[in-house]
Structures are given as structure tokens and as C-alpha cells.
Amino acid sequence: MKRAALFLIAGPVGIAAYGLVRLWGKSDGVYGPGFDWQAAHLVALAGMVCFVPAVLALSRLLPRSRWRDGVVVLTLVGLAATMVQFGADIVEGLLAADRAEMSALGADFKDIPGVEVAFYDVVPQFFFLGLVVLAGMLAARRRLPWWSVPLLLGGIVLPVVTLDLLPIAGLCMLAALAPALPSLRQQSSVRQAGAGGPVDGARLGGRARR
């Protein structure tokens, strides 16, 4: 399996694994700071990092356009903000002696002007918004089935209800994006064969659509 396909799988799996480790950490009634907190957030951070090349690979299945590039930038900005959020949680878990101190450190960080908007309430949502829009664009080009968009949206909304649904959310995201895997592998094969330059969605597989 090609590298882009691996990243596309690893991103949602990271979210599902984060949810599972989080549930395990909560099972004894004490979640963070400690090994369980750090393990959960490191897994989540790794998943977010994997989404960066995955988003870039998905975007290359579409024709080049300002609209496509704008959606990619929006998604990556949201991803960067999400990574900062998880990074802050990891640092706070390392510095704090107990849950109360960790919460106090988190509150101090959020009290910095602009931090709550940039890394918690607003900007991280750009990742999910951009991912849904990107999936919609891929569905319109028949790179994804129509049901990928509502399934992806459902996976994104589930943790809003409760974070305990994160494992299911990650699996929904994986199922929604997995139909793009054959196109990613084909794209990689075309590049390795020396097709030259990025392969746009309009060119890749265009003969089959005719």
C-alpha cells in the first residue's frame, strides 16, 4: 500500500485510538495527569499529523483551482490549531501534579488573549469544515461515493454529543474516506511510472469516465 493511503488510514485510526485510550484511562475514575492522559493525547496528535499528508493527497485527486487550494489551506490551518491544542494538553499533563493543577494550567493558557479562539473554540473547527467540503468536492467528481459526506459529517458530530463516542467517530471517518484509497494508489503508481508532475483528478482515470 502506498504512503498516501497509509496516512489516510492512520489519521482516522488515530482518532479512534485516542478515544479508546481515553476510555481506558477513565475506567478507574481518574483520568490525567499521568500515563493514560499522555498516551491518549500523543496518539491523537500522531493522528492529526497523519491527516496533513492525507489531506494533501486527497486534494491532488481534484483539478487544480483556487477553490481547491483555499479549502486545503483552511483544513491545514484547522489542523495546525488542533495540534497546538493537543500539544498544550500534553505539556500541561507533564507539568501538573494532579487534575486540579492541570485544569489551572489549562485555564492560564486559555486566558492569554486570542488563545481560546485560535486553538480551542473557532480555528480548530476549520479542519473538520474543510474536510467535509473536500469530501463533498471529491464526491462531486465521483472520487468518493455520495454517502461518504454524511458519514464523515456524522463522525465529526458524534464527539460533540460526548467524547466517549470518539472510537466510533474515528471509524466513521475511516469508512467515509476509505473509498478514495484505490484512487490514491493509482495516483502514486502513475507518478512512479514517470507520468511527470502532479496528477489532477481531471486526468487520472479520465478515460474510464468517457
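See the structure above.
Being a predicted model, the structure only gives us computed values, none of them experimental.

What counts and what doesn't
- Residues numbered from 1 in each chain as written.
- Predicted model: local features only at pLDDT ≥ 70, side-chain atom pairs only at ≥ 80, totals over all residues.
- Heavy atoms only, no water.
- Core = buried A, V, L, I, M, F, W, Y, C linked by side-chain atoms within 4.5 Å.
- Buried < 20%, exposed > 50% of the residue type's maximum accessible area, 1.4 Å probe, protein only.
- Helix = DSSP H or I, 4+ residues; strand = E, 2+ residues; numbered from the N terminus.
- Salt bridge = Lys/Arg side-chain N within 4 Å of Asp/Glu carboxyl O.
- Expected span 1.5 Å × (residues − 1).
- Contact = heavy atoms within 4.5 Å.
- Patch = residues over 30% accessible without salt bridge, like charges linked within 9 Å, V, L, I, M, F, W, Y side chains within 5 Å.
- Areas by Shrake-Rupley, 256 points an atom, 1.4 Å probe, with all protein chains shown as cover.

Visitor: Describe the nonpolar core, with residues and values.
Guide: In this structure, L8, F51, L58 and L152 are the most contacted members of the largest nonpolar core, which totals 41 residues. Elements supplying a minimum of two residues to this core: α1 (3–26), α2 (35–59), α3 (66–95), α6 (125–140), α7 (148–161), α8 (166–177) and α9 (181–192). Counting residues per element, this core draws most heavily on α2, which supplies 10 residues.

Visitor: Requested: an account of the pattern of salt bridges, with residues and values cited.
Guide: Tallied over the entire structure, the rule returns three salt bridges. In this structure, the salt-bridge partner of R22 is D164, at a minimum N-O distance of 2.8 Å. Remark: D164 occurs in the loop between α7 and α8 and R22 occurs in helix α1; sequence separation between them is 142 residues. Taking relative accessible area as the criterion, R22 reaches 10% and is therefore assigned buried. Classification of D164 by relative accessible area gives partly exposed; the value is 32%. Where D164 meets K26, a salt bridge forms, and the shortest distance between an N and an O atom there is 3.0 Å. One end of the pair, D164, is in the loop between α7 and α8; the other, K26, is in helix α1, with 138 residues separating them in the sequence. One salt-bridge network, in which partners are shared between bridges, spans R22, K26 and D164.

Visitor: Please set out α6 residue by residue, giving values where relevant.
Guide: With 16 residues, α6 should reach 22 Å at 1.5 Å per residue; the first-to-last C-alpha distance of 23 Å fits that figure. Along α6, the positions that sit buried rather than exposed are F127, G130, L131, V132, L134, A135, M137, L138 and A139. Against the buried residues of α6 lie α2, α3, α7 and α8. R142 occupies a position one or two residues after α6 and carries a positive phi of about 65 degrees.

Visitor: An account of the environment of P179 is requested, with residue identities and associated values reported.
Guide: Position of P179 among the secondary structure elements: in the loop between α8 and α9. You can call P179 partly exposed: its relative accessible area is 28%. For the pair P179 and P145, spaced 34 residues apart in the sequence, the C-alpha separation amounts to 7.4 Å. If near-sequence neighbours (up to four positions away) are discounted, P179 is found in contact with R143, L144, P145, W147 and S148.

Visitor: Residue-level account of unusual backbone geometry, with values.
Guide: Of the consecutive residues G32 and P33, the connecting peptide bond is found in the cis state with omega at -10 degrees. Inspection of the secondary structure puts P33 in the loop between α1 and α2. With a phi angle near 65 degrees, R142 is a residue other than glycine that sits in the positive phi range. For R142, the location among the structural elements is in the loop between α6 and α7. The class for R142 is exposed, based on a relative accessible area of 74%.

Visitor: Let's hear about a nonpolar patch on the surface: which residues, and what values?
Guide: There is a patch of nonpolar side chains on the surface, built from L153, V157, V160 and V161 and spanning about 390 Å² of accessible area. Structurally, L153 can be placed in helix α7. On the basis of relative accessibility, which here comes to 43%, the residue L153 falls in the partly exposed class.

Visitor: Break down α1 for me, with residues and values.
Guide: Relative to the 34 Å expected for 24 residues at 1.5 Å per residue, α1 spans 34 Å between its end C-alpha atoms, a close match to the ideal helical length. Among the residues making up α1, those that are buried are A5, L8, G11, P12, G14, I15, A16, Y18, G19, V21, R22 and G25.

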